[in-house]
Amino acid sequence: MAAKFPELKTWESFDFSFNPNLDMDGLSELKSLAFVRQNQIIQFLGPPGTGKSHLATALGALAVHQGHRVYWTSAKKLQRQIIEAKLRNNLDDLFRKILAAKLWIYDDFGVVTYSREVAEEVFDLLDRRKHSSALILTSNRDVSEWPSVFPDLVLANATIDRMFEQARSFVFNGYSHRLKGKLHTPEV
């Protein structure tokens, strides 16, 4: 698939019984992809292993099948792409590629801390995105911790503000599905 998903996940392969507290009506509504046509932001928030990336990728696959261009990246991959593009002096090409997608999936926000040069570009991407594409953002961090990803509070607040514009949040709770049967972890 053109979106370059790290692995293909489907809606049908998700174990909804593993996380019974999810907003099933709200999630099912997302399958219509109306949020994509309206350039909205969907946030999947919660601890690792609770299904955020799976459902984000499944929605991305649905969007591809409906003819939408999708761009998938993790926070760490985006940081690397920005640094490399700046070194090659082709940041505009990277931005065009991301912003040409009707749906941008930004996985694992908050896993890496951004340098000022990367944080400024992430802000710019999020600011420009509202005119051309929808966004699914997944994060393992609590929203109160998001400012720590940025080098200063002003840039953090401006970027986070863009992440909540026309946003709808879904909170995933519970144990890690990846650790199911392997290790008992306390519920977060």
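Note that the structure is predicted; figures quoted are calculated from it, not measured.

1. A closer look at the overall build of the chain
1) Next: Looking only at helices and strands, one finds 7 helices and 5 strands in the chain.
2) Next: Starting at the N terminus and walking to the C terminus, you meet the elements of the chain as α-α-β-α-β-α-α-β-α-β-α-β.
3) Next: Taking 2.2 N^0.38 as the reference for a compact globule, 188 residues should give roughly 16 Å; the C-alpha atoms of the chain span a radius of gyration of 16 Å, in line with that estimate.
4) Next: Principal-axis analysis of the C-alpha atoms gives the chain an extent of 45 × 35 × 30 Å.
5) Next: Looking at the chain residue by residue over its 188 residues, the buried ones come to 47%.
6) Next: Taking contacts inside the chain between residues at least 6 apart in sequence as the whole, the part at least 24 apart equals 81%.

2. Here we look at the nonpolar core
1) Next: Membership of the largest hydrophobic core comes to 32 residues, with the highest contact counts inside it found for Leu-78, Trp-104, Tyr-106, Phe-109, Tyr-114, Val-122 and Phe-150.
2) Next: Of all the secondary structure elements, the ones that give two or more residues to this core are β1 (41-45), α4 (75-87), α5 (91-99), β3 (103-109), α6 (116-129), β4 (134-139) and α7 (153-164).
3) Next: Residues within four places of Phe-150 in sequence aside, it is in contact with Phe-109, Tyr-114, Ala-119, Leu-155, Ala-156, Thr-159, Ile-160 and Met-163.

3. Comments concerning the pattern of salt bridges
1) Next: Within this structure, the stated rule accounts for 15 salt bridges.
2) Next: Ionic pairing is found between Arg-168 and Glu-29, a salt bridge with its closest N-O pair at 2.9 Å. Here the residue Arg-168 occupies a position in strand β5 (residues 167-171), and Glu-29 occupies one in helix α1 (residues 24-30), the gap between them amounting to 139 residues.
3) Next: Glu-29 sits in the partly exposed class, given a relative accessible area of 48%.
4) Next: Its salt-bridge partner being Glu-145, residue Arg-141 comes within 3.9 Å of it at the nearest N-O pair.
5) Next: Its relative accessible area of 26% is what places Arg-141 among the partly exposed residues.
6) Next: Beyond isolated ion pairs, a larger network of salt bridges with shared partners links Asp-127, Lys-130, Asp-161, Arg-162 and Glu-165.

4. Comments concerning the sheet that holds β3
Adjacent strands of a sheet form backbone hydrogen bonds with each other and so pair up, either parallel or antiparallel.
1) Next: Here 5 strands make up an open sheet; going across it, the order is β2-β3-β4-β1-β5 and the pairing parallel. Since the sheet does not close on itself, it has two edges, and those belong to β2 (70-74) and β5, each with one partner. Mean inter-strand twist for the sheet, computed between neighbouring axes without regard to direction, equals 15°.
2) Next: Sheet topology places β3 next to β4; 5 bridges connect them, and they run parallel. Note that in β4 the partner of Leu-103 across the bridge is Ala-134.
3) Next: Its contacts with the sheet put α4 on β2 and β3, and the angle it makes with β2 is roughly 95°.

5. Considerations on α4
1) Next: For α4, built from 13 residues, the straight-helix expectation of 18 Å at 1.5 Å per residue is met to within 8% by its first-to-last C-alpha distance of 19 Å.
2) Next: All of the buried residues along α4 are Ala-75, Lys-77, Leu-78, Gln-79, Gln-81, Ile-82 and Ala-85.
3) Next: Where α4 is buried, its residues contact β2, α5, β3 and α6.
4) Next: Looking at the residues trailing α4, positive phi occurs at Asn-89, about 60°.

6. Topic: the packing of α5 against α6
1) Next: Their axes nearest at 11 Å, the elements α5 and α6 cross at an angle of 40°. Here α6 runs oblique to α5, going by the angle between their axes. Considering the relative orientation of α5 and α6, their crossing is right-handed. Of the residues in α6, those touching α5 at Leu-91, Phe-95, Ile-98 and Leu-99 are Glu-121, Asp-124, Leu-125, Arg-128 and Arg-129.

7. Focus on unusual backbone geometry
With the exception of glycine, the majority of residues adopt a negative phi angle, and the majority of peptide bonds are in the trans configuration.
1) Next: Even without being a glycine, Asn-89 presents a positive backbone phi close to 60°.
2) Next: Following the sequence through the fold, Asn-89 ends up in the loop between α4 and α5.
3) Next: Phi is positive for Gln-166, which is not a glycine, with a value near 55°.
4) Next: On the secondary structure map, Gln-166 appears in the loop between α7 and β5.

Rules and cut-offs
- Residues numbered from 1 in each chain as written.
- Predicted model: local features only at pLDDT ≥ 70, side-chain atom pairs only at ≥ 80, totals over all residues.
- Heavy atoms only, no water.
- Helix = DSSP H or I, 4+ residues; strand = E, 2+ residues; numbered from the N terminus.
- Rg over C-alpha atoms; globule rule 2.2 N^0.38 Å.
- Buried < 20%, exposed > 50% of the residue type's maximum accessible area, 1.4 Å probe, protein only.
- Contact = heavy atoms within 4.5 Å.
- Core = buried A, V, L, I, M, F, W, Y, C linked by side-chain atoms within 4.5 Å.
- Salt bridge = Lys/Arg side-chain N within 4 Å of Asp/Glu carboxyl O.
- Pairing = 2+ DSSP bridges.
- Axes fitted to C-alpha atoms, helices over the stretch in contact; angles between N-to-C directions.
- Expected span 1.5 Å × (residues − 1).
- Parallel < 35°, antiparallel > 145°, perpendicular 65-115°, else oblique.
- Left-handed = near helix turned anticlockwise from the far one by under 90°.

Shape descriptors only; they carry no functional weight alone.
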